[in-house]
Amino acid sequence: MARKADKFFNMQFITSSISTTMVLLLLGMVVFFVLSANNLSNYVRENIGFTVLVSDDMKEAEALKFQQRLNAKSYVKESVYISKEQALKEQTEAMGTDPAEFLGYNPLTDAYELRVKESYIQYDSIRAIDARLSSLPYVNKVVYQADIIHTLEKNLNNVILALLVIALTLLVIALVLIGNTIQLQIYSKRFLINTMRLVGATPWVIKWPFIGRNIRVGIEAGL
């Protein structure tokens, strides 16, 4: 009988370890996806750029000072100056034709490509940044994709919220599963527990084997 009880208890220990491992694995995967979605959100946000088109009145020395002024802004992560000659060359390579050949002049202007810090990539903040940049001298126009920013913000928030709900559900399942496992272990040892109480065993002496065993289950499942 003792061997059967030990065998039952060992089998219960194994099944508890496996079931707890599976729940923790699923929970870990959901947390991983939440963190990955957040990192992806930060990456996409920081790679959403602004193009600041400036007038032809700006001289080369002023262009450098203007870029330094842009980099000093709290919301700017980095900026790249693109001259109209460089822009024309890139557009000619992309389109296969040179617009200056049939227009007789370069229709493009000098520009600055800005990358904004992730914390400022919100719809209201973007509009405020647009207004600030537009008020700077030599700035003709600020170009950015407002609709994409708004859609990205909405969709990513929905995805992260859904993953957090799943993670919370799995956490509750894990706690319920662990609680039921402990109750089953106590039930299987109910006669031994009553006997220990009759001989005067303290509550700590009775509880410790269950605590120690479930700590072991938790460590093995975590590993």
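Up top you'll find the structure we're talking about.
Residues numbered from 1 in each chain as written. Predicted model: local features only at pLDDT ≥ 70, side-chain atom pairs only at ≥ 80, totals over all residues. Heavy atoms only, no water.

1. A closer look at the nonpolar core
Step number 1: Judged by nonpolar contacts, the single largest core of 24 residues is most densely connected at F50, V52, F66, L70, Y112, L114 and L133.
Step number 2: Elements that contribute at least two residues to this core include exactly strand 1 (49–54), helix 2 (60–71), strand 3 (111–116), helix 5 (123–134), strand 4 (139–143) and helix 6 (146–188).
Step number 3: For F50, the residues in contact, after removing those within four places along its chain, are Y112, E113, L114, V116, I126, I129, L133, V142, V143 and Y144.
Step number 4: One finds L27, V30, A167 and L170 within the second-largest nonpolar core, a separate group that totals eight residues. (Core = buried A, V, L, I, M, F, W, Y, C linked by side-chain atoms within 4.5 Å. Buried < 20%, exposed > 50% of the residue type's maximum accessible area, 1.4 Å probe, protein only. Helix = DSSP H or I, 4+ residues; strand = E, 2+ residues; numbered from the N terminus. Contact = heavy atoms within 4.5 Å.)

2. Regarding the side chain of Q67
Step number 1: Along the chain, Q67 falls in helix 2.
Step number 2: Looking at Q67, the relative accessible area reads 17%, which means it is buried.
Step number 3: Leaving out residues up to four positions away in the same chain, Q67 has contacts with S79, V80, Y81 and Y112.

3. Some details on the sheet that holds strand 2 (residues 76–82)
Step number 1: On the basis of which strands lie adjacent, the open sheet formed by four strands has the order 2-3-1-4 and antiparallel pairing. The open sheet is flanked by strand 2 and strand 4, the only strands paired with a single partner. Going across the sheet, the axis of each strand differs from the next one's by a mean of 20 degrees, ignoring polarity.
Step number 2: As defined by bridge partners, strand 2 adjoins strand 3 across six bridges and the pair is classed as antiparallel. Counted as the bridge partner of Y81 is Y112 from strand 3.
Step number 3: This element, helix 2, spans strand 1, strand 2, strand 3 and strand 4 of the sheet and lies at about 160 degrees to strand 2.
Step number 4: Where helix 5 meets the sheet, its contacts fall on strand 1, strand 3 and strand 4, and the angle it forms with strand 4 comes to roughly 160 degrees. (Pairing = 2+ DSSP bridges. Axes fitted to C-alpha atoms, helices over the stretch in contact; angles between N-to-C directions.)

4. Quick notes on the environment of V31
Step number 1: Mapped onto the fold, V31 is located in helix 1 (residues 2–46).
Step number 2: Residues V31 and R197, spaced 166 residues apart in sequence, show a C-alpha to C-alpha distance of 43 Å.

5. Some remarks on helix 3 (residues 84–95)
Step number 1: With 12 residues, helix 3 ought to run about 16 Å at 1.5 Å a step, and its terminal C-alpha atoms sit 16 Å apart, in line with that.
Step number 2: Downstream of helix 3 by a residue or two, G96 has a phi angle that is positive, lying close to 85 degrees. (Expected span 1.5 Å × (residues − 1).)

6. What about the packing of aromatic side chains?
Step number 1: Applying the stated criterion across every chain yields a total of four aromatic pairs.
Step number 2: Ring geometry for F66 versus Y112: centroids 5.2 Å apart, planes at 45 degrees, classification tilted. On the criterion of sequence distance, the pair formed by F66 in helix 2 and Y112 in strand 3 is long-range, its members being 46 residues apart.
Step number 3: For F66, a relative accessible area of 5% puts it in the buried group.
Step number 4: Here Y81 and Y112 contribute two aromatic rings whose centre-to-centre distance is 5.1 Å and whose plane-to-plane angle is 45 degrees, an arrangement assigned as tilted. (Phe/Tyr/Trp six-rings, centres within 6.5 Å; stacked < 30°, edge-to-face > 60°.)

7. Concerning the pattern of salt bridges
Step number 1: The final tally for this structure, using the stated rule, is one salt bridge.
Step number 2: Between R115 and E78 there is a salt bridge, with its nearest N and O atoms 2.8 Å apart. Of this pair, R115 sits in strand 3 while E78 sits in strand 2, placing them 37 residues apart in sequence.
Step number 3: Residue classification places R115 among the partly exposed positions, given a relative accessible area of 25%. (Salt bridge = Lys/Arg side-chain N within 4 Å of Asp/Glu carboxyl O.)

8. Re the side chain of T51
Step number 1: In this structure, T51 sits in strand 1.
Step number 2: At 3.1 Å, the side chain of T51 and the side chain of E113 are in polar contact.
Step number 3: Other than its neighbours up to four places away in sequence, T51 contacts A111, Y112, E113, K141, V142 and V143. (Polar contact = N/O pair within 3.5 Å; in protein donor to acceptor, adjacent residues only side chain to side chain.)

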